[in-house]
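Take a look at the letters that make up each chain.
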Amino acid sequence: MQKYSIFNLVKNAFSNHENWDLAWKDPTPKEEYDVVIIGGGGHGLATAYYLAKEHNITNVAIIEKGWIGGGNVGRNTTIIRSNYMHDENGLFSEFGMDLWRKMSQDLNYNVMFSPRGIINLAHSDAQMNAYARRGNSMRLNGIDAVLLNREQVKEIIPMADFSENVRFPIFGGLMQPSAGTARHDAVAWGYARQADSMGVDIIQNCEVIGFDVSAGKINGIRTSRGNIKAKKVGLCVAGSTNILAEKLNMTLPIETHLLQACVSEPIKPVLDNVVTFGAGHFYVSQSDKGEMVMGGDLDGYNSYAQRGNLPTLQHVLTEGIAMMPFLSKLKMLRTWGGIMDMSMDGSPIIDKTHIDGLYLNCGWCYGGFKATPASGWTFAHTIAQDRVHELNAGYSLNRFNTGHLIDEKGLGTKTWIS
Amino acid sequence: MLYINCPHCGMRSQNEFSYGGDASVKRPELNKEVSDQEWDNFVYNRKSLRGKHLELWQHISGCRQWIKVERDTATHEIFRTFKADEEVA
């Protein structure tokens, strides 16, 4: 594989950049693979990469219905954080933060990881107490957390509404300085390029239409481009999980919902951090191009449409304007939507299933992007070793049966309000 | 904007309603032994169909009644609406 470096950049400049190698190939599916990963999104690509890199399993195919990186990894708001209270989520995400920090070097691809810090605003004394508790839990797990008072928040984000007579005054906030953002497409492309170079077949425009299961064991998959035999199959299909589960006669604790995001026109640098509104659900950061990247609530009803509806967008942006009034002056550039695999406790599932050789990776709700490296790493381990790693042991499928839920927000099973 | 035909009030905008999830889920009968698996299916497991989906909505800013709505989860088209206690054929 051609290494991306300043020397190669200069060298290729002499030939007008027309002679770069393709970043990944377009192979015809083989008859049989050791492992087939369904879903060429961030998690699927990362899983294939870590299967090859950490477990030396390279006879692997990624089967993607559309094109790689065309789903949620290309539709998110690029926020990376590990500010969780529960041990399972905190330790898993912090492991991922380490992978993020070295990802650009590891993949030889600039993913533009920018640890600019995230601030969750608090709007009451009770919320400050809750944040103090969450911050302490984070620090016990080795995650950086700083509780900020009103004056400290004002110093960092003076453009927020600090006037006296607002409905939700800013009391302070919880900051994770090491959190940040990354270039989401580069994450997908970087993993794809490396996985391809190690022998993984990336097969696009290939839809899975069925599974070949006999005597409780998976033997392969049926696709729009023919049957493919496989010793092991991993599902990494986010919002399409229920559709494939139905073909396997499985009913999962997952509902598919629609989440929108939007960006404003680009403006000069104004916001250095990721900031979330604490009295509702709104988050904002500024991209390197200057656009304000914003998002918030789900549309609130089951949906497989990758496009949203205006009432929710209006509701979310009303919160944004309450938090930072200057946003009302900006023109909207783009809005888009993605479909989320909302689990019943808000936490993901990375586990084996009752079918031998079939592995499940789903339930990311809207926190899937930041989990990309840790999800791929632990899912690769689970597939290669046929047992869960301690990092994803809590993300079991049967926790809903045994009552070991990981309900970070305490919202219960109303997935559409979480 | 979705428009939902409330069987009690007529056509209203989605802003007047709140969502209540899959309407095909049935609480287990309590006059017999209920297995963990049955509780699991009632509380957590969902088909989350792509296509026609029967779901509960509440006309929260209207008559406050719960209703059933048959809606397509891929196109958002609404086909039929029912009163909460109406049987859906």
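The residue numbering used here restarts from 1 in each chain and proceeds along that chain's sequence as written. Chain A is the first chain written and ligand 1 is the first ligand written, with later ones labelled in order. Since the coordinates come from a predicted model, pLDDT governs what is reported: local features require at least 70, and pairs of side-chain atoms require 80 or more to be given and counted, while whole-chain, interface and lining totals use all residues. Derived side-chain values reflect all non-hydrogen atoms in the structure, with water molecules and hydrogen atoms excluded from consideration.

Looking now at the overall build of chain A. Helix and strand counts for chain A stand at eleven helices and 18 strands. The globule rule is 2.2 Å times the number of residues to the power 0.38, and the radius of gyration it is compared with is taken over C-alpha atoms. In terms of overall dimensions, chain A is globule-like: its C-alpha atoms have a radius of gyration of 22 Å, near the 22 Å expected for 418 residues. When its C-alpha atoms are laid out on the principal axes, chain A stretches across 70 × 65 × 40 Å. Here the term buried applies to any residue with accessible area under 20% of the maximum for its type, exposed to any over 50%, and partly exposed to those in between, with areas from a 1.4 Å probe on protein chains only. Within chain A, the fraction of its 418 residues that count as buried is 58%. In this analysis, two residues are considered to be in contact whenever any of their non-hydrogen atoms come within 4.5 Å of each other. Summarising the internal contacts of chain A: among those between residues at least 6 apart in sequence, 74% fall at separations of at least 24. Areas reported as accessible are Shrake-Rupley estimates using a 1.4 Å probe. Residue values count occlusion only from the protein chains shown. For chain A, the exposed surface amounts to about 17,300 Å²; the carbon and sulfur share of it is 51%. For chain A, the distance from the average position of its 38 positive side-chain charges to the average position of its 41 negative side-chain charges is 2 Å. Every helix listed is a DSSP run of H or I at least four residues long, and every strand listed is a run of E at least two residues long, numbered separately from the N terminus. Residues counted as positive are Lys and Arg, residues counted as negative are Asp and Glu, and His and the chain ends are not counted. Think of each charge as sitting on NZ of Lys, CZ of Arg, CG of Asp or CD of Glu.

So, on to unusual backbone geometry. Residue and element names in this part refer to chain A. Of note, N16 is a non-glycine position whose phi angle comes to about 55 degrees, a positive value. Residue N16 is classed as exposed on the basis of its relative accessible area, which comes to 57%. Of note, the phi angle at M112 is positive, near 55 degrees, even though the residue is not glycine. A relative accessible area of 35% places M112 in the partly exposed class.

Residues and elements named next belong to chain A. Only C-alpha atoms enter the line fits that serve as axes; for helices the fit covers just the stretch in contact. Angles between N-to-C directions range over 0 to 180 degrees. Running from N to C, helix α2 (residues 42-55) and helix α7 (residues 184-197) point in directions that differ by 35 degrees, and their axes come no closer than 8 Å. Our pair here, α2 against α7, has a crossing hand that is left-handed. In contact with L45, A46, A48, Y49 and Y50 of α2, α7 contributes A188, Y191, A192, Q194 and A195. Under the scheme applied, nonpolar residues are Ala, Val, Leu, Ile, Met, Phe, Trp, Tyr, Cys and Pro; charged residues are Asp, Glu, Lys and Arg; polar residues are all the others, including Gly. Looking at the contact of α2 with α7 residue by residue, the class counts come to nine nonpolar, one polar and no charged. Definitions for this section: a left-handed crossing has its near helix turned counterclockwise from the far helix by less than a right angle. A right-handed crossing has that turn clockwise.

Time to look at the pattern of salt bridges. Throughout this description, the term salt bridge denotes a Lys or Arg side-chain nitrogen within 4 Å of a carboxyl oxygen of Asp or Glu. Taken as a whole and assessed by the stated rule, the structure comprises 19 salt bridges over all chains. We note a salt bridge from R399 of chain A to D345 of chain A, for which the minimum N-O separation is 2.7 Å. Within this pair, whereas R399 of chain A is found in helix α11 (residues 399-402), its partner D345 of chain A is found in the loop between β16 (332-343) and β17 (349-352), the two being separated by 54 residues in sequence. The exposure class of D345 of chain A is buried, given its relative accessible area of 2%. Of the charged contacts, one joins E16 of chain B and R12 of chain B as a salt bridge, the two residues approaching to 3.2 Å between their closest N and O atoms. The network of salt bridges with common partners includes E32, D34 and K231 of chain A.

What pLDDT conveys is the predictor's confidence in a given residue, as a value from 0 to 100. When the pLDDT values of chain B are averaged, the result is 95; 100% of them are 70 or greater. Across the whole predicted complex the pTM is 0.96, and at the interface the ipTM reaches 0.96.

On to the sheet that holds strand β14 (residues 282-286) of chain A, then. Backbone-to-backbone hydrogen bonds pair the strands of a sheet. The strands run either parallel or antiparallel. All names here are of chain A. Pairing is mixed in the open sheet, where eight strands are placed in the order β5-β6-β4-β13-β14-β15-β12-β16. Each edge of the open sheet is held by one strand with a lone partner, namely β5 (146-149) and β16. Strand-to-strand twist of the sheet, defined as the mean angle between neighbouring strand axes without regard to direction, takes the value 25 degrees. Direction of pairing for strand β12 (residues 254-266) relative to β16: antiparallel, over a ladder of eleven bridges. Residue pairing in the sheet places I254 in a bridge with S343 of β16. Running at roughly 15 degrees to strand β6 (residues 172-176), helix α5 (residues 125-140) makes contact with β4 (118-122), β5 and β6 of the sheet. Note: two strands are recorded as paired if DSSP finds a minimum of 2 bridges between them.

For the rest of this paragraph, the subject is the packing of aromatic side chains. All names here are of chain A. In this analysis, rings of Phe, Tyr and Trp, with Trp reduced to its six-membered ring, are considered paired at centre separations within 6.5 Å, and the interplanar angle assigns stacked below 30 degrees, edge-to-face beyond 60, and tilted for intermediate values. Enumeration according to the criterion identifies 17 aromatic pairs over all chains in this entry. Judged by centre distance (5.3 Å) and plane angle (50 degrees), the ring pair of W100 and F369 falls under tilted. Separated by 269 residues along the polypeptide, W100 in helix α3 (residues 87-101) and F369 in the loop between β18 (358-362) and α10 (372-385) bring together distant segments of the chain. You can call W100 buried: its relative accessible area is 1%.

Further remarks concern the interface of chain B and chain A. With 25 residues of chain B at the interface, the matching set in chain A holds 25 residues. Accessible area that two parts lose when put together, evaluated with a 1.4 Å probe and summed over both, is termed the buried area. Interface of chain B and chain A: buried area, both sides summed, is about 2,100 Å²; carbon and sulfur atoms make up 52% of it. Contact with chain A buries area across many residues of chain B, yet Y19, Y44 and S48 of chain B alone supply 29% of it, more than any other trio. At the surface where chain B touches chain A, the tally comes to one salt bridge.

Residues and elements named next belong to chain B. The four strands lie next to each other as β3-β4-β5-β6, forming an open sheet whose pairing is antiparallel. Looking at the sheet topology across the chains shown, the edges are occupied by β3 (18-22) and β6 (78-83). Across the sheet, the mean angle separating the axes of adjacent strands is 30 degrees when strand polarity is ignored.

Residues and elements named next belong to chain A. The definition used for a disulfide is geometric: two cysteine sulfur atoms within 2.5 Å. Counted by the stated rule, this structure contains zero disulfides over all chains. With no disulfide of its own, C206 lies 16 Å from the sulfur of C236, the closest cysteine sulfur. Left unpaired, C236 is separated from the closest cysteine sulfur, that of C362, by 9.2 Å.

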